[in-house]
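Per-entry structural report
Each chain, written out:
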Amino acid sequence: MLTAQKNALLTQTSPDRPMGQMFRFFWQPALLSRELPEPDCPPRRVKILNTDMVAIRDTEGRAQLITPTCPHRGANLFFGRVEEGGIRCAYHGWKFDVDGNCLDIPTLPDNGQREKMCKKIKLETFPTREAGGFIWVYLGPEELMPEMPDFEFTAVPSDQVFVSKKFQSSNWAQACEGALDTAHFSFLHMPLTDGKINFGKDAFVAESSADERRLGWIRNDGSPRFSITKHETGIVIGGARYADEGDTYWRISQFLMPNHGLAPNAFPGENMHGQCWVPIDDETCWIFNYTWNSERKLGDDEVKRFRQGASIHAATDEEYRPLRNLSNDFMIDREEQRTKTYTGIKGVSEQDAAIQESMGPIVDRTKEHLNSSDLGVVEFRRYILDAAKALENEGVLPTAHSHPEQYRLRSGSHVCSDKIPFDDVMVERFGHRLALAKPGKGSHAPQPAKVDG
């Protein structure tokens, strides 16, 4: 469990809170690239980390996050007119480009006053990048702005990656913890066999299908043994289950600072999945999802299934709100729960959301009773709370801030002899003890950046 003070430290991400300050030193997904589908398209409202913004794409195709407040009289630029070279406020016609420069003040006479005033006015903008199907924003001090994290999904061709997002009515941390908790796969996402779930070690007879076999291993061993490796960018979480005689089935997740997770499902050649939990405020978040394959183009049928809600992706409406949600009890089917699946709720993403939102907007971690199956969650909390406290008390940024090259990590599954230690499992499966897809240049760790004051 956590104390109330530590729970507040973990969950509060407003600009004046330590966790909120730390998040602002990292690039965050703000919206999907396809939400700004073409040059001079309508603007989009964006809110993350308790910060309201407007997203625009200019005539040249550049995406930019700007303040919603016109510096003239405070009108909201969401209602502005996107036109050649920028956005024009609907109130008095003041026009700004994506760099925040004032281009025109038509309420002033064109006798030199207009040009002089334009030079004095600057619209607040936020550093913006576009990569991997996301539009990213940096909300921290520009003098300490890091390079973009080098995620593998941002480097593969666009036809090898699919991204989505969904709204969730919960704090970011309980959504993140749900993804890092591999023990729940034996229950929450489990189909039934003859109306029963058998967790005995020897109860499952392996089938020829790889999917059937791994499903059986997860079903039959509901108490995985955990191994944890901490590193510069986060932690690797290995969950070991009994497989066929003499073998262990490993499901290996990654937590990457400050709010990314890589899912543990993939065998070599299969699609890999990741998520980023971006706080809107302390009680809601956006979950940005990314699926990629480093070896091949995603098939049309795969993309269609993802769009409709498969794997980590949810079926959502035009505002990215899940169709199955708390207001309709996630459309739970009690007969299906009795006879076919553990929850009676369709969709892995929706099953996760149902549990995470059922805890309330911010779960009270002072009342938990943790055990060995929660080791990954415990280590995640320890890692990120230590980083937030170091920033608050010593002004030291997390080491991950200086290691964008260390984000090109993978996660996945592996079956091997039960005699192999975890570090060797990682090397056997990924060719690297941390699953780094392409090791970055240099082997020494740079000094962490220091925050003045």
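Residues numbered from 1 in each chain as written. Predicted model: local features only at pLDDT ≥ 70, side-chain atom pairs only at ≥ 80, totals over all residues. Heavy atoms only, no water.

Thoughts on the side chain of arginine 24
- With respect to the secondary-structure elements, arginine 24 resides in the loop between helix 2 (18-23) and strand 1 (28-32).
- One buried charged side chain, arginine 24, makes no salt bridge at all; its nearest oppositely charged neighbour is aspartate 16, positioned 7.7 Å away.
- Within the structure, the side chain of arginine 24 is placed 2.8 Å from the backbone oxygen of glycine 20, a separation counted as a polar contact.
- In this structure the side chain of arginine 24 is engaged in a polar contact, spanning 2.3 Å, whose partner is the backbone oxygen of leucine 49.
- Not counting the four nearest positions on each side in its chain, arginine 24 is found in contact with Thr13, Ser14, Pro15, Leu49, Thr51, Tyr138, Leu139 and Gly140. (Helix = DSSP H or I, 4+ residues; strand = E, 2+ residues; numbered from the N terminus. Buried < 20%, exposed > 50% of the residue type's maximum accessible area, 1.4 Å probe, protein only. Lys, Arg positive; Asp, Glu negative; His and termini not counted. Salt bridge = Lys/Arg side-chain N within 4 Å of Asp/Glu carboxyl O. Polar contact = N/O pair within 3.5 Å; in protein donor to acceptor, adjacent residues only side chain to side chain. Contact = heavy atoms within 4.5 Å.)

Remarks on the packing of helix 4 (residues 172-180) against helix 9 (residues 375-394)
- Viewed as axis vectors pointing N to C, helix 4 and helix 9 meet at an angle of 135°, and their least axial separation amounts to 9 Å. With respect to helix 9, the element helix 4 is oriented oblique. Crossing of helix 4 over helix 9 shows right-handed handedness. Where helix 4 approaches helix 9, its residues Trp172, Cys176, Glu177 and Leu180 are matched on the opposing element by Val377, Phe380, Arg381 and Ile384.
- In terms of residue class, the contact of helix 4 with helix 9 is made up of six nonpolar, no polar and two charged. (Axes fitted to C-alpha atoms, helices over the stretch in contact; angles between N-to-C directions. Parallel < 35°, antiparallel > 145°, perpendicular 65-115°, else oblique. Left-handed = near helix turned anticlockwise from the far one by under 90°. Nonpolar A, V, L, I, M, F, W, Y, C, P; charged D, E, K, R; others polar.)

Digging into the side chain of serine 164
- With respect to the element layout, serine 164 can be found in strand 12 (residues 161-168).
- Within the structure, the side chain of serine 164 is placed 2.6 Å from the side chain of histidine 313, a separation counted as a polar contact.

What about the layout of surface pockets?
- When its volume is computed, the largest pocket comes out at roughly 1300 Å³.
- Taken together, 47 residues form the lining of the largest pocket, with Phe185, Asn265, His273, Ser311 and Val348 sitting closest to its centre.
- A breakdown of the residues in the lining of the largest pocket according to their chemical character gives 18 nonpolar, 20 polar and nine charged. (1 Å grid on protein atoms, 1.4 Å probe; cavity = no way out; pocket = protein on both sides within 12 Å on 5 of 7 lines; lining within 4 Å. Points joined across faces, edges and corners; volume = space filled by probe spheres on them.)

Comments concerning the pattern of salt bridges
- One pass over the full model with this rule turns up 28 salt bridges.
- For arginine 62, the salt bridge identified is with glutamate 60, shortest N-O distance 3.9 Å.
- Measuring nitrogen to oxygen at the nearest pair gives 3.2 Å for the salt bridge that ties glutamate 350 to arginine 324. Linking glutamate 350 in helix 8 (residues 348-358) with arginine 324 in the loop between helix 6 (300-308) and helix 7 (334-339), this pair joins segments that are 26 residues apart in sequence. With respect to class, glutamate 350 is no different from arginine 324; both count as buried.
- Through salt bridges with shared partners, one network takes in Arg81, Glu83, Arg88, Lys95, Asp104 and Arg114.

Notes on unusual backbone geometry
- Residues methionine 257 and proline 258 are joined by a peptide bond in cis, for which omega reads -10°.
- Mapped onto the secondary structure, proline 258 falls in the loop between strand 15 (247-256) and strand 16 (260-262).
- Positive phi, close to 50°, is recorded for methionine 331, a residue that is not glycine.
- Inspection of the secondary structure puts methionine 331 in the loop between helix 6 and helix 7.
- Judged by its relative accessible area of 49%, methionine 331 falls in the partly exposed class.
- The phi dihedral of alanine 435 is positive, around 70°, even though this residue is not glycine.
- One can find alanine 435 in the segment after helix 10 (422-430).

What to know about the confidence of the model for the chain
- On average, the chain scores 92 in pLDDT, and the residues at 70 or more come to 93%.
- Taken as a whole, residues 199-208 scores under 50 in pLDDT and shows 21 contacts with residues more than four places along the chain or in a different chain.
- Below pLDDT 50 for its whole length, residues 439-450 participates in 20 contacts with residues either more than four positions away or in separate chains. (pLDDT = per-residue confidence, 0-100.)

Looking at the sheet that holds strand 8 (residues 102-104)
- Strand order in the open sheet formed by four strands is 5-6-7-8, with antiparallel pairing between adjacent strands. Strands at the two margins of the open sheet, each flanked by one partner only, are strand 5 (81-83) and strand 8.
- Sheet analysis places strand 7 (residues 95-96) next to strand 8, joined by two bridges and oriented antiparallel. When the sheet's bridge partners are listed, phenylalanine 96 is paired in strand 8 with cysteine 102. (Pairing = 2+ DSSP bridges.)

What about the packing of aromatic side chains?
- A complete count under the given rule lists 23 aromatic pairs for this structure.
- Look at phenylalanine 23 and tryptophan 172: their rings are 4.9 Å apart centre to centre, the planes differ by 70°, and that puts the pair in the edge-to-face class. On the criterion of sequence distance, the pair formed by phenylalanine 23 in helix 2 and tryptophan 172 in helix 4 is long-range, its members being 149 residues apart.
- Relative accessible area serves as the criterion here: at 0%, phenylalanine 23 is assigned to the buried category.
- With centroids separated by 5.1 Å and ring planes inclined at 45°, the aromatic side chains of tryptophan 217 and tyrosine 249 adopt a geometry described as tilted. Linking tryptophan 217 in helix 5 (residues 210-220) with tyrosine 249 in strand 15, this pair joins segments that are 32 residues apart in sequence. For the pair tryptophan 217 and tyrosine 249, a shared accessibility class is recorded, and that class is buried.
- Site record: aromatic cluster; members linked through ring pairs are Phe134, Trp136, Phe151, Phe153, Phe288, Tyr290, Trp292 and Tyr407.
- Note that arginine 45 overlies the ring of phenylalanine 78, its terminal NZ or CZ placed 3.8 Å from the centroid. (Phe/Tyr/Trp six-rings, centres within 6.5 Å; stacked < 30°, edge-to-face > 60°. Lys NZ or Arg CZ within 6 Å of the ring centre and 35° of its normal.)

Some remarks on the environment of alanine 263
- Following the sequence through the fold, alanine 263 ends up in the loop between strand 16 and strand 17 (272-281).
- Look at alanine 263 and you get partly exposed, because its relative accessible area is 21%.
- Considering only alpha carbons, one finds alanine 263 and glycine 412, 149 residues apart in sequence, at a separation of 6.8 Å.
- Leave out the neighbours within four places in its chain, and alanine 263 touches Ile252, His273, Ser411 and Gly412.

Details of the pairing of strand 11 (residues 134-137)
- Residues of strand 11 alternate between two faces, with Phe134 and Trp136 on one and Ile135 and Val137 on the opposite face, all of them buried.
- Examined bridge by bridge, strand 1 and strand 11 share four bridges and lie antiparallel to one another. Within the sheet, the bridge partner assigned to proline 29 lies in strand 11 and is tryptophan 136.
- By the bridge criterion, four bridges tie strand 10 (residues 128-131) to strand 11 in an arrangement that is antiparallel. The residue of strand 11 that forms the bridge with threonine 128 is valine 137.
- If you look at the hairpin formed by strand 10 and strand 11, you'll find two residues sitting between the two strands, and glycine 132 has a positive phi there, around 65°.

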